[in-house]
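# Overview (structure and organization)
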Amino acid sequence: VKITLKCGIFQGVLQHVDSNRSIFINKVKNLENGRCVPGMKMFFGHEIVNVQLLDESKTCDAEGMETPTSRENPASRMAVERRGEPLKQNTQGSNASSQETNQLNLCHFKSTCSDEDTEEAIEYIVIDQFQKKFGSALMHIKKQHVCAIAAEGVNLCRHGKLSWLQVATRNHIFLFDILLLGAQVFKNGLQMVLEDKNILKVIHDCRWLSDCLSHQYGIMLSNVFDTQVADVLYFSMETGGFLPNRICTLSECLMQHLGMPYKQVSFMARKQHAVERNPEVWFMRPLPPALLNVLALETFYLLPLRMMLLDEIMSDLTALVDGYLNAFREGSADPLGSTEVGITLFLISANLVSLIQPPPQADCSVILPNVTKQFCSSD
């Protein structure tokens, strides 16, 4: 969209319009000076003079921009490689997100697409007995610094019942059959992994699993990166301290942050439909391969999602560091070596405060009570 304000003209990708006619856009560009503004920006309704809907493909071609659907993700990467087409490389250099995403075992990921639906298949290992597979799987997981965790059952909490626990690493996906293995599976090593503070566990909404593990198995889940919490934090940072109206599901986070189309996350809808038809579907034995595939997929994407969220959350820090890089080299050499160079730190701090300041006419004590108290105190 192209937004004309009383004081300027901006262009970006529309994200949200609230009841006060305020508009949130991403990939913002100031059309008056041609500069791109990082992150998501909000324009108040009373400032907006006109909003024009642009042809996305023509706009991107004219400016040499990528369309939002072209963001690379594991499934699209494998689909391109499988067809034998050359894979386009990012000429801007790789970052931590692309490095860790590419280190995932994409050779285990398979995808077949049709015009009507997307059927995905991913290799996984079902652990349903204490034999060689269990021991080797546990040894592999213990060597990891980061792994993804998901779980399924009925009414998953202290009053419910756990049926499956999924663990994904960069190379493998393990589906532990808790119904068949019983509580002994935790005593034989899984508890040590879940409580290990040196292994980061990536989970989407850890509350229910944490409650279940604590009260039913005596396991204190620790060192967790919750992608749902990270999504809320990113929204708050991008909107000046506001909180979203609701928390996002895993499929919503995958579409928003990894740029995955709906068809590619449709496995979450199939999972929901299966549970609605039979609330105890996860206790079926043998579990249908289609549902085992769903268990693997919902765990597989958590690792690249974490890396993308980290990049987005750190964007403000990156902007501050860019300003720090130019603090001396683009200025005069006179102050170098004097005691007045400390003013640079003050300016960086001022920029940091401006990033977390709420918009005008907002209630600071409601949006950011702790930050407001800190910066308004006498000391």
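Now for a description of the structure that goes with this document. (Residues numbered from 1 in each chain as written. Predicted model: local features only at pLDDT ≥ 70, side-chain atom pairs only at ≥ 80, totals over all residues. Heavy atoms only, no water.)

## Some details on the side chain of glutamate 312
Heads up, the condition is: A run of H or I in DSSP becomes a helix once it reaches four residues, and a run of E becomes a strand once it reaches two; helices and strands are each numbered from the N terminus. Accessible area is worked out with a 1.4 Å probe on protein chains only. A residue is then buried under 20% of its type maximum, exposed over 50%, and partly exposed in between. Within 3.5 Å is the distance limit for a polar contact, defined as a pair of N or O atoms, with the added protein rule that one can donate a hydrogen and the other accept it, and that residues adjacent in sequence qualify only through two side-chain atoms.
Locating glutamate 312 in the fold gives a position in helix α12 (residues 302-313). Here glutamate 312 falls in the buried class, since its relative accessible area comes to 12%. Here histidine 257 takes part through its side chain, which lies 2.6 Å from a polar atom of the side chain of glutamate 312.

## So, the environment of isoleucine 127
The residue isoleucine 127 is located in strand β9 (residues 125-127) in this model. In this structure isoleucine 127 comes out as buried when scored by relative accessible area, which is 0%. With 48 residues separating them in the primary sequence, isoleucine 127 and leucine 175 have C-alpha atoms 5.8 Å apart.

## Side note on helix α9 (residues 250-257)
In plain terms, the rule: What the arc describes is the spread of directions from the helix axis to the C-beta atoms.
Among the residues of α9, Leu250, Ser251, Cys253, Leu254 and His257 are the ones counted as buried. Projected onto a plane normal to the axis of α9, the buried residues spread over an arc of 160 degrees and lie on a single side. Following α9 by one or two positions, glycine 259 has its phi on the positive side, about 65 degrees.

## Comments concerning the pattern of salt bridges
Short version of the rule: Only one rule defines a salt bridge in this text: a Lys or Arg side-chain nitrogen within 4 Å of an Asp or Glu carboxyl oxygen.
Tallied over the full model, the rule gives six salt bridges. A salt bridge links lysine 271 to glutamate 152; its shortest N-O distance comes to 2.6 Å. Of the two residues, lysine 271 sits in helix α10 (residues 266-277) while glutamate 152 sits in strand β10 (residues 146-154), which places them 119 residues apart along the sequence. Accessibility assignment for this pair places lysine 271 and glutamate 152 in one class, buried. The structure contains a network of salt bridges with shared partners spanning Glu152, Lys271 and Glu298.

## Notes on the packing of aromatic side chains
Let me state the cut-off plainly: Centres within 6.5 Å are what make two rings of Phe, Tyr or Trp a pair, Trp counting through its six-membered ring; a difference in plane orientation under 30 degrees is then read as stacked, over 60 as edge-to-face, and the rest as tilted.
Under the criterion given, the structure shown has seven aromatic pairs. The interplanar angle of 45 degrees and the centroid separation of 6.4 Å between the aromatic rings of phenylalanine 174 and phenylalanine 176 together place this pair among those described as tilted. In terms of burial, phenylalanine 174 and phenylalanine 176 fall into one category: buried. When the ring of phenylalanine 186 is compared with that of tyrosine 217, the centres are 4.6 Å apart and the planes differ by 50 degrees; the resulting orientation is tilted. A residue pair is termed long-range when its members are at least 10 positions apart, and phenylalanine 186 in helix α6 (residues 184-195) and tyrosine 217 in helix α7 (residues 207-217) qualify at 31 residues.

## Topic: the sheet that holds strand β14 (residues 224-226)
To keep things clear, this is the line we draw: Strands are labelled as partners when DSSP assigns at least two bridges between them. Only the stretch in contact is used when a helix axis is fitted, and all axes are lines through C-alpha atoms; the angle between N-to-C directions ranges over 0 to 180 degrees. Should any heavy atoms of two residues lie within 4.5 Å, those residues are counted as being in contact.
With respect to topology, six strands assemble into an open sheet ordered β9-β12-β11-β10-β13-β14, the strand pairing being mixed. On the outer flanks of this sheet lie β9 and β14, each paired with one strand and no other. Strand-to-strand twist in this sheet, taken as the mean axis angle between neighbours without regard to direction, amounts to 25 degrees. In this sheet, strand β11 (residues 161-168) lies alongside β10 in antiparallel orientation, the contact comprising seven bridges. Among the inter-strand pairings, isoleucine 149 is bridged to a residue of β11, identified as valine 167. Its contacts with the sheet place α6 against β10, β11, β12 (173-177) and β13 (200-203), and it is angled at close to 60 degrees to β11. Along the sheet, helix α11 (residues 289-300) makes contact with β9, β10, β11 and β12, crossing β11 at roughly 55 degrees.

## Section: the pairing of β11
For β11, the tally of buried residues reaches seven of eight residues, placing the bulk of the element in the interior. Linking β10 to β11, which pair antiparallel, is a turn of six residues; within it asparagine 155 sits at a positive phi near 50 degrees. With five bridges joining them, β11 and β12 adopt antiparallel strand pairing. Paired with glutamine 166 across the bridge in β12 is leucine 175. From the end of β11 to the start of β12, which pair antiparallel, there are four residues.

## Some remarks on the nonpolar core
The cut-off we apply is this: What is meant by a nonpolar core is a set of buried Ala, Val, Leu, Ile, Met, Phe, Trp, Tyr and Cys residues, joined one to another through side-chain atoms within 4.5 Å.
Of all hydrophobic cores here, the largest spans 39 residues; its most connected members are Leu254 and Phe267. In terms of residue count, α11 provides more of this core than any other element does, seven residues in total. Residues within four places of leucine 254 in sequence aside, it is in contact with Gly259, Met260, Val265, Phe267, Tyr301 and Leu305. By size, the runner-up hydrophobic cluster in this structure holds 29 residues, among which are Cys147, Leu162, Val185 and Val193.

## Some details on unusual backbone geometry
The omega torsion of the bond from arginine 285 to proline 286 falls at 0 degrees, within 30 degrees of zero and hence cis. Among the structural elements, proline 286 can be located in the loop between α10 and α11. Here asparagine 155, not a glycine, exhibits a phi torsion of approximately 50 degrees, which is positive. Of note in this structure, aspartate 205 is not a glycine but carries a positive phi near 65 degrees. With respect to the element layout, aspartate 205 can be found in the loop between β13 and α7.

## Brief notes about the packing of helix α8 (residues 227-238) against α12
Our working rule: Small angles under 35 degrees read as roughly parallel and large ones over 145 as roughly antiparallel, with 65 to 115 read as roughly perpendicular and the rest as oblique. Throughout, a crossing is termed right-handed when the near helix is turned clockwise from the far one, and left-handed when it is turned anticlockwise from it by less than a right angle.
Packing of α8 against α12 brings their axes to within 10 Å, and their N-to-C directions diverge by 25 degrees. The pairing of α8 with α12 is recorded here as roughly parallel in orientation. Taken as a pair, α8 and α12 cross one another with a handedness that is left-handed. From α8, Thr227, Ala230, Asp231, Leu233, Tyr234 and Met237 reach across to α12, where they touch Leu302, Leu305, Arg306, Leu309, Glu312 and Ile313.

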